[in-house]
Amino acid sequence: MSDKLVIQIRALSMDEGFELVSEAMLRDPLRRDRLYEAVVAAVELGLGHETEIQIFDSEGSVAEVLELPTLGATHFHKILV
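Everything numeric in this text was worked out from a predicted model, so none of it was measured.

Rules used throughout
- Residues numbered from 1 in each chain as written.
- Predicted model: local features only at pLDDT ≥ 70, side-chain atom pairs only at ≥ 80, totals over all residues.
- Heavy atoms only, no water.
- Helix = DSSP H or I, 4+ residues; strand = E, 2+ residues; numbered from the N terminus.
- Buried < 20%, exposed > 50% of the residue type's maximum accessible area, 1.4 Å probe, protein only.
- Contact = heavy atoms within 4.5 Å.
- Pairing = 2+ DSSP bridges.
- Salt bridge = Lys/Arg side-chain N within 4 Å of Asp/Glu carboxyl O.
- Axes fitted to C-alpha atoms, helices over the stretch in contact; angles between N-to-C directions.

Caption draft 1: Representation of the side chain of Glu19. By the secondary structure assignment, Glu19 is in strand S2 (residues 17-21). Note on Glu19: relative accessible area 15%, which makes it buried. In contact with Glu19, other than residues within four places in its own chain, are Gln8, Ile9, Arg10, Leu12, Pro29, Leu30 and Arg31.

Written out as structure tokens, the structure reads:
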């Protein structure tokens, strides 16, 4: 059994958007303008891994946790279509 890949999404500000952080995958945080763009980017990063996406609210608390099974690109495409 492998460890889950954890990707965190944090709100920065209205002007700066959202930041994606993952110690296992990213050297520097990724920035996205909208929450849905950040979630899609996190899912794309998690392809091929069992992934946990943690979405934080503006106060720094976990607001939502999305558990993703190990998916390949074909499965991800089917989810989006």
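Don't stop here, the text continues.
Caption draft 2: Region of interest: the pairing of strand S1 (residues 5-13). Both S1 and strand S4 (residues 51-56) contribute to a ladder of five bridges, which runs parallel. Across the sheet, the residue bridging to Gln8 is Gln54, located in S4. The sheet contact formed by S1 and S2 spans five bridges and is antiparallel. Bridge assignment links Gln8 to a residue of S2, and that residue is Val21. Hairpin connection, S1 to S2: the antiparallel pair is bridged by three residues.

Caption draft 3: Structural context of the pattern of salt bridges. Within this structure, the stated rule accounts for three salt bridges. Close ionic contact of Glu37 with Arg34 constitutes a salt bridge, the shortest N to O distance being 4.0 Å.

Caption draft 4: Geometry of the sheet that holds strand S5 (residues 62-68). Sheet architecture is open: five strands sit in the order S3-S2-S1-S4-S5, paired in mixed fashion. Of all strands in the sheet, those bounded by a partner on one side alone are strand S3 (30-32) and S5. Sheet twist, expressed as the average angle between the axes of neighbouring strands with direction ignored, equals 20 degrees. Of the strands in this sheet, S1, S2, S3, S4 and S5 touch helix H1 (residues 35-46), which is tilted by about 160 degrees from S1.

Remember, this is a structural readout, not a statement about activity or role.
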